[in-house]
Structure formats: structure tokens, C-alpha cells
Amino acid sequence: MELRNRLGGVNIYLVGMMGSGKTTTGKVLAKRLGYGFVDTDAVITQVRQQSIREIFAREGEAYFRQLEQQVLAEVSSYHHLVVATGGGIVLSSLNWSYLRHGIVVWLHVPIAVLCERLAADAERPLLQEQPLEERLNQIMADRHALYAQADLEVVIRQTDTPAKVCDRLWEALPSILKPIASDAPPKEPC
Ligand SMILES: Nc1ncnc2c1ncn2[C@@H]1O[C@H](COP(=O)(O)OP(=O)(O)OP(=O)(O)O)[C@@H](O)[C@H]1O
Ligand SMILES: O=C(O)C1=C[C@@H](O)[C@@H](O)[C@H](O)C1
Ligand SMILES: [Mg+2]
């Protein structure tokens, strides 16, 4: 059976560190699956008409996390979506109760690759005050065990393009879906 049909409309939530490619890969995956695409960060910036950097600076991180939770709660009532989450979505246990309605995929990218991707970043508020590699290592140490609660981990190499990441995810997804009837061993006669 085709993977899209096997998914039965269940949402796919991409989690992972800033720069791991949740937004970039999510768009490619949604197109391939014929799913809609939602980016929780983008919804927040659209609704608030402010950048994430501005929301953190003016209202603080805790307020941003509340908005993120509201958006996730809303999104989880829909189906047939690929959802690019914010990197910190895994921090709240209530968020996990929404994420668990779907399939959670961790895009696990080595810190060295994240550093290359984010070296020139001036927008991500949590990365502005410390040397980048040190800060990313610290955030990863705090969150590693949370990301590891995902249903599926895709370990990404430096040379993996977004299309390649999708290929790898596509190949891995069946391993966490219920076996289809044709895959099941034939029943023994009684
Ligand atoms: N597989 C990839 N290969 C090369 N560059 C990539 C890949 N995936 C993403 N990028 C680049 O890395 C940067 C960060 O990607 P993206 O914004 O998709 O990350 P994110 O996980 O959504 O981050 P955030 O948590 O901050 O929203 C972008 O410049 C993007 O073009
Ligand atoms: O990892 C994080 O905590 C964040 C990641 C981004 O997606 C944004 O949600 C924001 O910059 C915070
Ligand atoms: Mg993103």
C-alpha cells in the first residue's frame, strides 16, 4: 500500500534543533506526501505581526512559549499536515500530548553542521549572546533526551540535501507503522 494511504492522514511533526531543517525539509516532505504544510514559528509571526526576535525581546520567551502551545493545540486538531515545529516545542510536557496525536520525527543534525548553517544568523534570539558552537552544545545537552522521545530519529549527514533527508525519512517511516495485511506472515491452519 502507498505510504500516504498507510499514514491515514495522521500529521507528521518535525522536531529538532534550530537549523536542523524542519522548515526546509517539511515543505519538501509535504509536497511529496500531498499533505498541507504548517510552520508553527511562521504562524506565530503572522498572527502577531512581529518577528520571533521581536517577540522574545518585547514579551519574553515564556510568552512566546504560550503562543507556541496555543498554535500547536490548534494545529493538532487538523489532519494531513506536515508540521515544522519550533526547536523548543519539546520543552513542554503538555506539547507532547498534542505531538503524540501524530508521528514525531527528530531531524538529528550534528552540531558542526548546525554551526555552518547558522553562522550568519541574526534572527534566532537564543543564539545571539554566546559563541555559537558553545550555545548549541548547551541547548542540545538540555534537550537531547526530549528529542530522543520522538517516534523516529533521522540522523542527517552534512551532504544530505533536503530531498535526501526526505528520502531517508520516507524509507524509515514504514518501520514505525502497523504492518499491512500483505506483510503479515500467513496464518497457520488450526
Ligand atoms: N538538508 C539541508 N542541507 C543544507 N542546508 C539546509 C538543509 N536543511 C536546511 N538547510 C539550511 O539551514 C538553514 C536552517 O534551516 P531551517 O530554517 O529549515 O531550520 P529549522 O529547523 O526550521 O530552524 P528553526 O528551529 O530555527 O525554525 C536554512 O538556511 C536552510 O536553507
Ligand atoms: O530552539 C528554540 O528554542 C527555538 C527555535 C526556533 O524554531 C524558534 O521557535 C525560536 O527561535 C526558539
Ligand atoms: Mg523553522
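Because the structure is a prediction, the values reported are computed rather than measured.

This chain's UniProt record puts "binding site: ATP" (unreviewed entry) on Gly19, Ser20, Gly21, Lys22, Thr23, Thr24 and Arg124. Here Gly19 is to be found in the loop between strand S1 (12-15) and helix H2 (22-33). Residue classification places Gly19 among the buried residues on the basis of 24 C-beta atoms within 10 Å. Beyond its immediate chain neighbours, meaning those up to four positions away, Gly19 contacts Leu114, Arg117 and Leu118. Along the chain, Thr23 turns up in helix H2. Residue class for Thr23 comes out partly exposed when judged on the 18 C-beta atoms lying within 10 Å of it. If we ignore the near neighbours within four places in the chain, the residues touching Thr23 are Asp39 and Ala84.

With that settled, consider the site of ligand 1. If you check the shell around ligand 1, you find 19 residues, and the closest are Met18, Gly21, Lys22, Thr23 and Thr24. When residues of the shell around ligand 1 are traced back to their parent elements, those giving at least two are H2 and helix H9 (162-172). Take the shell around ligand 1: its biggest share by element is 4 residues, from H2. Across the shell around ligand 1, the residue classes tally to 4 nonpolar, 10 polar and 5 charged.

Surrounding ligand 2, one finds Met18, Asp41, Ile52, Gly86, Gly87, Gly88, Arg124, Pro125 and Leu126. Within the shell around ligand 2, the residues separate by chemical class into 4 nonpolar, 3 polar and 2 charged.

Let us now look at the confidence of the model for the protein. Predicted confidence across the protein gives a mean pLDDT of 95, with 96% of residues reaching 70 or more. Predicted as a complex, the structure gets a pTM of 0.95 and an ipTM equal to 0.99.

Take the nonpolar core next. Note on soluble globular proteins: their nonpolar side chains tend to be buried together. If you look at the biggest cluster of nonpolar residues, it comprises 36 residues, and the most contacted ones within it are Tyr13, Leu14, Val15, Val82, Val83, Val105 and Leu107. Elements represented by at least two residues in this core include exactly S1, H2, helix H5 (61-75), strand S3 (81-84), helix H6 (93-99), strand S4 (103-108) and H9. Excluding residues within four positions of it along the chain, Val105 makes contact with Ile12, Tyr13, Leu14, Ala150, Asp151, Leu152, Val154 and Leu169.

Now for unusual backbone geometry. We note that Gln49 has phi near 55°; this positive angle belongs to a residue other than glycine. The phi dihedral of His80 is positive, around 55°, even though this residue is not glycine. When you line up the elements, His80 lands in the loop between H5 and S3. Accessibility expressed as a C-beta count within 10 Å gives 16 for His80, which makes it partly exposed.

Note: strands within a sheet are paired through backbone hydrogen bonds, in either parallel or antiparallel orientation. Spatial ordering of the open sheet is given by S2-S3-S1-S4-S5, a layout of 5 strands whose pairing is parallel. Strands at the two margins of the open sheet, each flanked by one partner only, are strand S2 (36-39) and strand S5 (152-155). Direction aside, the axes of adjacent strands within the sheet are offset by 20° on average. Sheet topology places S2 next to S3; 4 bridges connect them, and they run parallel. Bridged to Asp39 within S3 is Ala84.

What follows deals with the environment of Asn5. Looking at where Asn5 falls in the secondary structure, it is placed in helix H1 (residues 3-7). Separated by 65 residues in the primary sequence, Asn5 and Gln70 have C-alpha atoms spaced 29 Å apart.

Criteria and thresholds
- Residues numbered from 1 in each chain as written.
- Chains lettered and ligands numbered in written order.
- Predicted model: local features only at pLDDT ≥ 70, side-chain atom pairs only at ≥ 80, totals over all residues.
- UniProt positions renumbered as here; feature names shortened; annotations may be inferred.
- Helix = DSSP H or I, 4+ residues; strand = E, 2+ residues; numbered from the N terminus.
- Buried ≥ 20, exposed ≤ 12 C-beta atoms within 10 Å, placed from the backbone.
- Contact = placed C-beta atoms within 7 Å.
- Near = placed C-beta within 6 Å.
- Nonpolar A, V, L, I, M, F, W, Y, C, P; charged D, E, K, R; others polar.
- pLDDT = per-residue confidence, 0-100.
- Core = buried A, V, L, I, M, F, W, Y, C linked by C-beta atoms within 7 Å.
- Pairing = 2+ DSSP bridges.
- Axes fitted to C-alpha atoms, helices over the stretch in contact; angles between N-to-C directions.

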